Every structure is written in structure tokens, then in C-alpha cells.
Amino acid sequence: MAVPLLAADPHSCARPAEAAVRHLSLDLTVDFASRSLHGTATWQLDVQPGATDLWLDTRGLAIEAVTLADGATLTHFELGDDDPVLGRPLRIHVRPGEEQISIRYRTAPDAAALQWLSPEQTAGKQYPFLFTQSQAILARTWIPCQDSPGIRFTYDATVRGPQELLALMSAENPQALSATGEYRFRMPQPIPAYLMALAVGDLRFEALSPRTGVYAEPVTLPVATAEFGDLEPMVAAAEELYGPYRWERYDLLVLPPSFPFGGMENPRLTFVTPTILAGDRSLTSLVAHELAHSWSGNLVTNATWNDFWLNEGFTVYFERRIMERLYGRSYADMLQVLGQTGLHHTIDELGKESIDTHLHLNLAGRDPDEGLNEIAYEKGNYLLLTLESIVGREKLDAFITKYFAEHAFQSMDTAHFVAYLRRELLDRVPGAEEKLQLDKWINAPGIPAVAPPVQSERFASVEAALQSWRHGVAPAALDTAAWSSHEWVHFLHGLPEHISAEQLQQLDQAFGFTQSGNAEILTAWLPLAVRAGYHAADAALAEFLTRVGRRKFLVPLYKALLATPEGTARAREIYQRARPNYHAVSTSTLDTLVGKPAGA
Ligand code: BES
Ligand code: ZN
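What you see is a predicted model, and the numbers here were worked out from it, not measured in a lab. Numbering of residues begins from 1 in every chain and follows the order in which that chain's sequence is written. Lettering of chains starts at A and numbering of ligands starts at 1, both following the order in which they are written. Confidence filtering applies because this is a predicted model: local features only for residues at pLDDT of at least 70, side-chain atom pairs given and counted only at 80 or more, and all residues used for totals across whole chains, interfaces and linings. Side-chain numbers come from the whole structure's heavy atoms, not from hydrogens or water.

Caption draft 1: Fine view of the sheet that holds strand S8 (residues 114-117). Two strands make a pair as long as DSSP finds a minimum of two bridges between them. Secondary structure follows DSSP: runs of H or I at least 4 residues long count as helices, runs of E at least 2 residues long count as strands, and numbering of each begins at the N terminus. Read from one edge to the other, the open sheet built from four strands follows the order S8-S9-S13-S11, with strand pairing classed as antiparallel. Unpaired on one side and paired on the other, S8 and strand S11 (166-169) mark the two borders of the sheet. Averaged over all adjacent pairs, the angle separating strand axes in this sheet is 10°, with direction ignored. Here strand S9 (residues 129-132) runs beside strand S13 (residues 198-201); their pairing, made up of two bridges, is antiparallel. Across the sheet, the residue bridging to Phe 131 is Ala 199, located in S13. Note on geometry: axes are C-alpha line fits, over the in-contact stretch for helices, and angles between N-to-C directions span 0 to 180 degrees.

Here's what the structure looks like:
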């Protein structure tokens, strides 16, 4: 049977049915002085009979020359019109049977995927740092490529940088410094362009098990290895759930705090924010999440960004199953309830009838980075939880395992997934289709009524404490001794919207929220302080916003400030100072929200 044709990708100019990339050989020099990468990208191709052109995505790249397989013969190329989001299509003339082309190019100093950090922006403060963030469509700002999640390729790379720095990629990685600053990489498993990744910095490695380990700046490494002590058991739990880990090694790279996401599932080397180094392992579900992407996302990949829920919904479900295996059902249930809080908040924000609350999105003509939201994560997870409640875990787990195995190293769109789910599961369980109401999940707003309630036994003590507090019990007298950060976050979510500064002051005095080293607690606490005008937290807020670049934290904090004229002035003042520390992913959102500072 022919492979079914997947949905077209509205965010890429690639025409893989004419000419598709198969393997990349990258040769790059990292120049911190000019803040640019330069070198060559050599692509091995599959050119179909009768095809005349290879179409690649680029954005902001200076294309210097394109040569044929001999590396010398120049071939004709053309750059199309520039689109602020999609960039410029690069059309390269290819002849029938052409197997390889090389592109000599240079990246722009403001390439959106790249963040060039000065030494002061790192933990060690001595060496500069570079990292990439390619998802969703930023790979094209550092590599001319077919930047569509439905197109996969293998790669090898040579990267040259300053001698004192280590270079790492989403590939087989070095574990020690080279003498020359030159590193060679090999990635034998095919991946889509959004999983291309590079980091260069003062980094060291420490093993956690024969196949897992951590890379971090020297001062961060001991803290990080302690925090991630359960990494090997996590990988083992994931394999027990849904089949073998297909990428050989699984390492973590702890980035400087300006990293714009919590984590990014770059194959073999998950990138993580240092804001999960809470000291008590309380935020490691994020690692379980990125690890789970080694199956949902990296192995079976959303065909386009409209199908993003296939990556993230499965990953959230899988993440919580891993956490349940390691820490028990009552732990995982807390994560489910916190996820539900986020889901309802997102639905309220987007609007109950918004088409952006459908699982299958329509992002054509929009920047996928602005259209991808929590719905894919939590509504996607909720669909799987509902399915679990209908068919039972045994059948669902067998289905998921088979789904990953049968589509490994392929992509999947929503329509083909729906057909597969019906054939392999729903049609075999009488009544399941009627109960689930699949089409409502996928193509309608909000949450279908069939969804089972999500509850947490451990949060009962939080509800009880909130109740006592509302009845006038002093904060210090509340029974909070056994709480983890999750209980605290749930407690903060449960405080009334119109709480007074004086009440916050009492809570702060008893529990020290303003001084918390836990970024999730701070992000739940600080907006309360802003809204109530509790100024004792002002300095902590400004410090957090200038140090941390994780968009998920920045957005609610700036939004809280922007709610009043006085807060707006503070937001603008802080943003002006903090912006140089943020990655383009965060500034593109915040420029719209806060306003781009003059001269930036
Ligand atoms: N793949 C995502 C990050 C992402 C999504 C980058 C869309 C660019 C576009 C990653 O797996 C992720 O979901 N990270 C979350 C953490 C997670 C625990 C929900 C984050 O960064 O907050
Ligand atoms: Zn994810």
C-alpha cells in the first residue's frame, strides 16, 4: 500500500514530492565576535523524475554560493520575497539525478533561533555562550533547510568554536573538551529540522548512568546532577510503558536562565531551563515531559504545526504516566489537577467558542509560535485520559505502544491519526466511539461533557487549609508541614482574586513566598502581589524578570503589571532593562504585549 499523503504544511515552501532532503553535512564556524555562524550546508537529495528545483526555507540567511556534488560547479539559485514569519524561499535549480548540493552561507546577528550570551549572562560569568531554539520554524534562521516537521533527514556536522568551549548538538556528543575547539557530530536517526540544535559554552559532563548524564556550566553541574538523580529510572519507566528508547543516549543540557522555554526535546540532548533546579527535585516532571517526546514527537512527529496536539497531548499524558510509575498515583494526580487549572485558564483567555481551542488547529497565515498554546497539551492529554476511562489502561497502553512502533521515524497528521485510532481501538470496543465523541474533541471548542473529573487526594489538605484560612485561622497555624511545591502552587491558585496587601503580607511572613527559590511558586505568587499592591515583593519581581527568560513565566508576570497604569510604567521600565537578556522567542511575544522599547 502506498504511504498516504499527509496534509500540506502551510509554514514551509518545501516541495518534497519534487525534491526532498535526505542527509545533511553541516560545516560551521561559530564566531562570537560577529555573532554569526558561517560555513556550508551540504544536502543529499532525492530528486523525482521531471523535477527541476529544490525548495528550501531560509530566514535572514546570507546565501553566498550554491555548488553541485563536485563542490566546485556553481549552480543557479534564487531567493524569493521576504516574509517576516516564513522568511525567503530558496529555489535551487537541480538536474534529474542530482544527488547533492552545497550551500555556503552566513547567519544574521539577529537570527531568531540563536541566542548569543555575553559572559555576564551565564552562571560562570567568564565565557560567552550560544544556544539554538529551532522549534517551531526557526531552524531556517540558522540552516537553509526544508523546515517542515513532516520531512526527516540524518546529519553529520563539524563545528569550530573557541578552544575553551564545548560544542554540543542533537546528535552523538563529546563528553570532554577537544584540544582544538573543533567537534564532529553524527546523527544516524532521521529527524525533522525543528530538532536541529547546537549549544556552545563553558560546559562539563557528568554521567548519571551508562546511557544518561548531564551537561552544565561547571558551577551548576553538581546542583544539576543532584536534581536529576532519577534520570535513569525515568528512562527505564518510559521504556516499560511504551517500548524501547530508540536514540541510544539520553542526556540533559542545563542552559543559562535566559532559555525561553522550560525544556526542548532535542534528540539525545534535552535542553532545560535552570529554573527547574529547585533543590528538592520538585520540578522534574518537566524532564519526564521532554523524555516522553523521544516517543511522541521525535519518533512519531506531528506532520504540520496544525497537528501539534499529537506531539504535546501524548507527551503530557506520557509524562504523567512516568511520574506515576516513579512517585505514585497521588503525585501524578496533583500534576493533572494543576494541568486542569491551566487548561481552564487558557480556555477562558482564548474564549469558550474560540477555534484555537480545537485540537486540530488552523495556523495558516499565522506565526505558529504565537498560535501554539496550552490547549494542545492539556486538552490533548484530557482526550487520552477520557479514552483511558472508556477503554481501560490495558487496551490504551497496547494501542499507544503499537502506534509508536508502527509509525517510528514517520510523521502523522490528525486525519490519519483519527482513522488509525478508530481502526485499532474504537471500532474494537463496543460503544467507545459514541462515548468518546472524538470529533468534538478534535474539531469543536471547549471540553466535551464526557471528560471524567480530575481529582487529587493530596490537594484535599490544600482545600482544607484554604477553608480554614478563609475562616480566619492564622497562616502559621495552617497544617502545611507535609506540602511539596505542588501543594503550595495549588494553595496560591486558590487564594481569592481580591486579596489585600495586608493579607498577603501575613501569608508572606508565615511562608516566605517572596524569597522562594522555586520558580513555579514565584510565578503563582508574584501576580497576586502585583494585583494587591503588595510592594514588599517589588524587588523580587524585578530581579526575577531580569534574570529569567522563560516565556511561560514572563507573560503572566508582565500581564499582571500591565493591568494598571502604574504597573504598566513599571513593566516598561523593567522590560527595557531586561530585554537584552531575553531570547527572540520571548521578545517577539513581549514586544507585542509590553511594547518594544525605543531604540531596541
Ligand atoms: N516542545 C516544547 C517546547 C516548544 C513548543 C517550543 C512549541 C517551541 C514551540 C517542549 O516540549 C515543552 O512543551 N516545554 C514546556 C514544558 C512542559 C513541561 C510543558 C515549557 O517549555 O514550558
Ligand atoms: Zn512538549
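There is more to say, and it comes next.
Caption draft 2: Looking closely at the side chain of His 289. Relative to the elements of secondary structure, His 289 occurs in helix H3 (residues 285-292). Within the structure, His 289 has its side chain in polar contact with the side chain of Glu 319 (distance 3.0 Å). Any pair of residues with heavy atoms lying within 4.5 Å of one another is described as a contacting pair. Those residues within four positions of His 289 in sequence are excluded, and the remaining contacts are Glu 312, Thr 315, Val 316, Glu 319 and Tyr 377. Two N or O atoms count as a polar contact when they lie within 3.5 Å, although within protein this holds only if one can serve as hydrogen donor and the other as acceptor, and sequence-adjacent residues are included solely when both atoms are side-chain atoms.

Caption draft 3: Structural view of the sheet that holds strand S7 (residues 100-106). One open sheet holds the six strands; their spatial order is S4-S7-S2-S1-S10-S12, and the pairing between them is mixed. With partners counted over all chains shown, the strands left at the sheet margins are strand S4 (62-68) and strand S12 (182-192), one partner each. Each strand of the sheet is rotated relative to its neighbour by a mean of 15°, with strand direction disregarded. Inspection of the sheet shows strand S1 (residues 19-31) paired to strand S10 (residues 152-160) by seven bridges, in the parallel sense. In the sheet register, Asp 27 faces S10, and the bridge partner there is Thr 158.

Caption draft 4: Looking closely at the state of the cysteines. Any pair of cysteine sulfurs within 2.5 Å is marked as a disulfide. Scanning the entire structure with this criterion turns up zero disulfides. Free cysteine: Cys 13, not disulfide-bonded; nearest cysteine sulfur from Cys 145 at 9.4 Å.

Caption draft 5: Geometry of the coordination of the zinc ion (ligand 2). Donor atoms (N, O, S) are those found within 2.8 Å of the metal centre, with the cutoff raised to 3.2 Å for Na, K and Ca; water is not part of the atom list, so apparent gaps in a site can occur. Protein coordination at the zinc ion (ligand 2) comes from His 289 (NE2), His 293 (NE2), Glu 312 (OE) and Glu 312 (OE), with a distance range of 2.0 to 2.7 Å. Geometry is assigned from the angles between donors: four donors with all angles from 85 to 135 degrees make a tetrahedral site, four or six donors whose opposite pairs exceed 155 degrees while the rest stay between 65 and 115 make square planar or octahedral sites respectively, and everything else is labelled irregular. Note that the zinc ion (ligand 2) binds six donor atoms; their angles at the metal cover 53 to 157°, and the shape is irregular. All donors of the zinc ion (ligand 2) come from a single chain, and their spacing in sequence reads H-x3-H-x18-E. Placement of His 293 in the loop between H3 and strand S19 (300-302) and of Glu 312 in helix H4 (residues 308-327) is noted, with a sequence separation of 19 residues between them. Neither residue differs from the other here; His 293 and Glu 312 are each classed as buried. Only protein chains enter the area calculation, which uses a 1.4 Å probe; residues under 20% of their type maximum are buried, those over 50% are exposed, and those in between are partly exposed.

Caption draft 6: Highlighting the site of ligand 1. One heavy atom suffices: a residue is near a molecule or strand as soon as one of its heavy atoms comes within 4 Å of it. Lining the immediate surroundings of ligand 1 are 16 residues, of which Gln 135, Gly 262, Glu 265, Glu 290 and Tyr 377 lie closest. Measuring from an oxygen atom of ligand 1, one finds a side-chain N or O atom of His 293 at 2.9 Å. Within the contact set of ligand 1, an oxygen atom lies 3.4 Å away from a side-chain nitrogen or oxygen of Arg 550. To be clear on the numbers: accessible area is Shrake-Rupley with a 1.4 Å probe, and residue cover counts the displayed protein chains and nothing else. When isolated, ligand 1 has an accessible area of 520 Å², and the protein chains bury 88% of it.

Caption draft 7: Geometry of helix H17 (residues 551-562). Here the expected span of a helix is defined as 1.5 Å times the quantity of residues minus one. The first and last C-alpha atoms of H17 sit 16 Å apart over twelve residues, in line with the 16 Å expected at 1.5 Å per residue. Those residues of H17 not exposed but buried are Arg 551, Phe 553, Leu 554, Val 555, Leu 557, Tyr 558, Ala 560 and Leu 561.

Caption draft 8: Geometry of the packing of helix H14 (residues 501-511) against helix H15 (residues 519-532). Put simply, H14 and H15 touch, their axes get as near as 9 Å, and they point 145° apart. Seen from above, H14 lies across H15 with left-handed handedness. Contacts between H14 and H15 involve Ala 501, Leu 504 and Asp 508 on the former and, on the latter, Trp 525, Leu 528, Ala 529 and Ala 532. Here the term charged refers only to Asp, Glu, Lys and Arg, the term nonpolar to Ala, Val, Leu, Ile, Met, Phe, Trp, Tyr, Cys and Pro, and the term polar to all other amino acids, Gly among them. The class makeup of the residues in the contact of H14 with H15 is six nonpolar, no polar and one charged. Helix crossings get a hand from a simple test, with the near helix turned counterclockwise from the far one by less than a right angle marking a left-handed crossing and a clockwise turn marking a right-handed one.

Caption draft 9: Geometry of the packing of helix H5 (residues 329-350) against helix H13 (residues 485-494). Taken N-terminus to C-terminus, the directions of H5 and H13 make an angle of 30°; their axes are 10 Å apart at the nearest point. The pairing of H5 with H13 is recorded here as roughly parallel in orientation. Pair H5 / H13 crosses with left-handed handedness. Residues Tyr 331, Met 334, Leu 335, Val 337, Leu 338 and Thr 341 of H5 form the contact with H13, whose own contacting residues are His 486, Glu 487, Val 489, His 490 and His 493. Residue composition of the contact of H5 with H13, by class: six nonpolar, four polar and one charged. Put simply, angles under 35 degrees are roughly parallel, angles over 145 are roughly antiparallel, angles from 65 to 115 are roughly perpendicular, and the rest are oblique.

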